[in-house]
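Chain by chain, the residues run as shown.
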Amino acid sequence: MQSALSWVPYGSTQYNWFLDTFFLRNTVAVTGIVFLALLVLVFLNRKTIREALRFREKRTLWLLAGIFIIGFLLRNASYNNGVPTDGWVFFESAKHIVHDGLFVKNCSVGNLQQCGLYEQVLFPPGYPFLIAIPYLLFGINSLYASVISALFSSLTILLVFLISRELFKNDTIGLYAALIFALFPLDLIFANTGNSRPTSVFFIALTLFFYLLAIRKNNAKIWAMTALSFSYAIYVRQENSVLLLPMIAGLFFLGYFKKPEFAKKKNTEKARLLAELLLPACCIFLLTQLPVQAWILLANPIEPQGLFGLDAAGKRITDSASDMFFANSYSKNLGYGALFNPLISVVFLFSPLLFLQKKQWKELLFVWGILAVFLAIALLYFPQLGPEQTDYVRYTHPLVLPFSVIGGAAIFAITEKLKAGKEIAVPVLCGFLLFFSGIPLQASLFRDARLEEPDNVAFYLEAVQRAPNGCTVISSNYLAVTSDAIPGNERRTLNPWIFNENSKEIYLEEMQKAECLVVLEDSSLREISPELYEELGKFQKERLFAMEKGVRKITAFRLEKKAP
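Trainee: Please give an account of the overall build of the chain that cites residues and values.
Mentor: Looking only at helices and strands, the chain features 23 helices and nine strands. Every one of the 564 residues in the chain was classed for burial, and the buried ones make up 56%. A sequence separation of at least 24 residues applies to 70% of the contacts in the chain between residues at least 6 apart. Entry remark: accessible area of the chain is about 24400 Å², with carbon and sulfur atoms responsible for 61%.

The following block contains the structure:
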């Protein structure tokens, strides 16, 4: 018996009963148990959570509601699928979970209804599972992924407020932090695309909120809820494992061991109390992590296999990577002038001066620790980056959360020093951020813009629409070929990115049996797969159409077998 992994061109994987049973074929059941257990523990802790949601002043509630509404409208004005394969692979994976019962990345040869070759996943199943829920309830439609990411991104605004208020015991800091996050261009770029990172940031924020509640309340039930939230955050994105480091450090920074229940007790009594409080949470975390860590450590197709699937050898912290986030060195390809507002950039760069204050420096150090671990992961991805490397921006997305909290604390310190205008600081800051952040405003809500945004994807979707329906279409943007954003789409795809000696026979068989074979040639197709391009040269070409927009150009050819 072979596992699903043996069907993919990254190389044959020996049958592994554990992975095949608990990860590849029963994703809905396994991931669903973890998610359902989290919901159960949230319900069991509802009293504590409800207390943490209370507002001492109605003014704070109304201001937060206004901030949330603004952030919600910006994130849900329109929905698109972003730039492949950032968001596309997750809703494609969810399709196969529902349709085939397999946890795979996508179909590389064929389409959802009839796939000849699956591509192996490079991510855990937490986010595809969430997308699969509306698929099961309402039918398969990739638009749901964009809606889910936009909703989770919107809810994170509230969590940023709660985290900041819980950490600094100050409503105003929470409002500033929530406002910065709500109008954060970097988050807005991906919020409505179905990308996994907005949802990942939500679960990071949820984990941190529960963690702060657990430190304050200190009972086993809340620690168990925190452990499950953290575990599911790793199910969404494996690099979220690094959150463990600042969480451990936070026990010391935030005075956990100085709580009254630990004071004046012998070490043996302290150890017993810690075991009663934390041991159940640790066991829950380790048990629920078994399937996902088995995949990350044993079956990750990226070499060398490891905790994050990243090869750190030879990687260095580059100047361009730092400039990309901290100095707004970013091109306007996605319609945004910067990753964040220049005012917040300046405030953030001066925020280390807050350590000179005697109060709450440990809380700030805790947040800086969160930023540091995610920055370290982001800087491991590429050995070198150019100044126009827009692809890199998505790897810095988790920094938005600690950046917002630190920025909120810094702005509060500045307004306290000014001793004036504090009552109108929130609306004034809101107007300033909206005006100077370069955020594109849209007079719409819940609009399906998959065929229109972003421009480069819409260009490929238009080309696919012009190719005869039912054809097998070869394109560098292979996921666009089978997109359900195109009404009645029955086209089949051939993924040029993974054409190699292991998959060659399957590709050639598909090309030979195709009644209609079309290639969409652009500047990158030959570069992506020169071997496949060489095979295409063995066919006769009939020009169908050509499209050109700016620097982009696509020429479509129908391929026919050459006469012997």
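The rest of the description comes next.
Trainee: Just give me the short version of the pairing of strand S8 (residues 539–549), but keep the residues and values in it.
Mentor: Two strands pair when backbone bridges link them, and S8 and strand S9 (residues 552–561) are joined in this way by 10 bridges, in the antiparallel orientation. The partner of alanine 546 across the bridge, within S9, is threonine 555. In this antiparallel pair of consecutive strands, S8 and S9, the connection spans two residues, and glycine 550 shows a positive phi of 65°.

Trainee: So what about the confidence of the model for the chain? Which residues, and what values?
Mentor: In this model, the chain carries a mean pLDDT of 83, and residues with pLDDT of at least 70 account for 85%. Across residues 303–333, where pLDDT falls below 50, the model places 83 contacts with residues more than four positions away in sequence or in other chains. Counted against residues more than four places away or in other chains, residues 383–388, with its pLDDT under 50, gives 13 contacts.

Trainee: Describe the nonpolar core, listing the residues and the values that go with them.
Mentor: By size, the foremost hydrophobic cluster in this structure holds 149 residues, and its most contacted members are Ile131, Phe203, Tyr211, Trp223, Tyr232, Phe366 and Leu520. Element by element, the count of residues in this core is highest for helix H10 (residues 196–217), at 14 residues. For tyrosine 211, the residues in contact, after removing those within four places along its chain, are Trp223, Thr226, Pro246, Met247, Gly250, Leu251, Leu254 and Phe366. If you look at the next biggest cluster of nonpolar residues, it comprises 18 residues, including Ile474, Tyr507, Met511 and Ala514.

Trainee: I'd like a description of the packing of H10 against helix H16 (residues 361–378), backed by residues and values.
Mentor: Running from N to C, H10 and H16 point in directions that differ by 150°, and their axes come no closer than 14 Å. Between H10 and H16, the crossing angle belongs to the class labelled roughly antiparallel. Judged by the sense of rotation from one axis to the other, the crossing of H10 with H16 is right-handed. Between H10, through Ile204, Leu208, Tyr211 and Leu212, and H16, the contact on the second element is made entirely by Phe366, Ile370 and Phe374. The class makeup of the residues in the contact of H10 with H16 is seven nonpolar, no polar and no charged.

Trainee: Report on the sheet that holds S8, specifying residues and quantitative values.
Mentor: The sheet built from seven strands is open, its strands ordered S3-S2-S6-S5-S7-S9-S8 with mixed pairing. This sheet does not close on itself; its edge strands, each paired only once, are strand S3 (115–119) and S8. Sheet twist, expressed as the mean angle between neighbouring strand axes with direction ignored, is 35°. The pairing of strand S2 (residues 106–110) with strand S6 (residues 492–494) spans two bridges and is classified as antiparallel.

Trainee: Break down the pattern of salt bridges for me, citing the residues and quoting the values.
Mentor: Inspection of the entire model under this criterion finds 19 salt bridges. Of the charged contacts in the structure, one is a salt bridge between arginine 216 and glutamate 166, with a shortest N-O distance of 2.4 Å. Of this pair, arginine 216 sits in helix H10 while glutamate 166 sits in helix H7 (residues 143–168), and the two are 50 residues apart along the sequence. Take arginine 216: its relative accessible area is 36%, and that puts it in the partly exposed class. Two residues, lysine 504 and glutamate 535, come together in a salt bridge whose shortest N-O distance is 3.5 Å.

Trainee: So what about unusual backbone geometry? Which residues, and what values?
Mentor: Here the amide bond leading from glutamate 453 into proline 454 is cis, since omega sits at -15°, within 30 degrees of zero. You can see proline 454 is positioned in the loop between strand S4 (447–448) and helix H19 (455–466). Of note in this structure, lysine 169 is not a glycine but carries a positive phi near 55°. Here lysine 169 is to be found in the loop between H7 and helix H8 (171–182). A positive phi is found at asparagine 218, a non-glycine position, where the angle reads about 55°. Secondary-structure assignment places asparagine 218 in the loop between H10 and helix H11 (220–236).

Trainee: Could you give me a rundown of the state of the cysteines, with the residues and numbers involved?
Mentor: By definition, a disulfide links two cysteine residues through a covalent bond between their sulfur atoms. Scanning the model with the defined rule gives two disulfides in all. For cysteine 107, the disulfide goes to cysteine 115, at an S-S distance of 2.2 Å. Between cysteine 107 and cysteine 115 the sulfur-sulfur dihedral comes to about 105°; the bridge is accordingly right-handed. Across the pair, exposure class does not vary: cysteine 107 and cysteine 115 are buried alike. Each disulfide pairs two cysteine sulfurs, and for cysteine 471 the partner residue is cysteine 516, the sulfurs being separated by 1.7 Å. Across the S-S bond of cysteine 471 and cysteine 516 the torsion is about 75°, and the bridge reads as right-handed. In this pair, cysteine 471 sits in the loop between H19 and strand S5 (472–475) while cysteine 516 sits in the loop between helix H21 (504–513) and strand S7 (517–521), placing the two residues 45 residues apart along the sequence. Sequence-ordered numbering of the bonded cysteines in the chain gives a disulfide pattern of 1-2, 3-4. No disulfide involves cysteine 282; its nearest neighbouring cysteine sulfur is the one of cysteine 283, lying 6.9 Å away.

The rules we used
- Residues numbered from 1 in each chain as written.
- Predicted model: local features only at pLDDT ≥ 70, side-chain atom pairs only at ≥ 80, totals over all residues.
- Heavy atoms only, no water.
- Helix = DSSP H or I, 4+ residues; strand = E, 2+ residues; numbered from the N terminus.
- Buried < 20%, exposed > 50% of the residue type's maximum accessible area, 1.4 Å probe, protein only.
- Contact = heavy atoms within 4.5 Å.
- Areas by Shrake-Rupley, 256 points an atom, 1.4 Å probe, with all protein chains shown as cover.
- Pairing = 2+ DSSP bridges.
- pLDDT = per-residue confidence, 0-100.
- Core = buried A, V, L, I, M, F, W, Y, C linked by side-chain atoms within 4.5 Å.
- Axes fitted to C-alpha atoms, helices over the stretch in contact; angles between N-to-C directions.
- Parallel < 35°, antiparallel > 145°, perpendicular 65-115°, else oblique.
- Left-handed = near helix turned anticlockwise from the far one by under 90°.
- Nonpolar A, V, L, I, M, F, W, Y, C, P; charged D, E, K, R; others polar.
- Salt bridge = Lys/Arg side-chain N within 4 Å of Asp/Glu carboxyl O.
- Disulfide = S-S within 2.5 Å.

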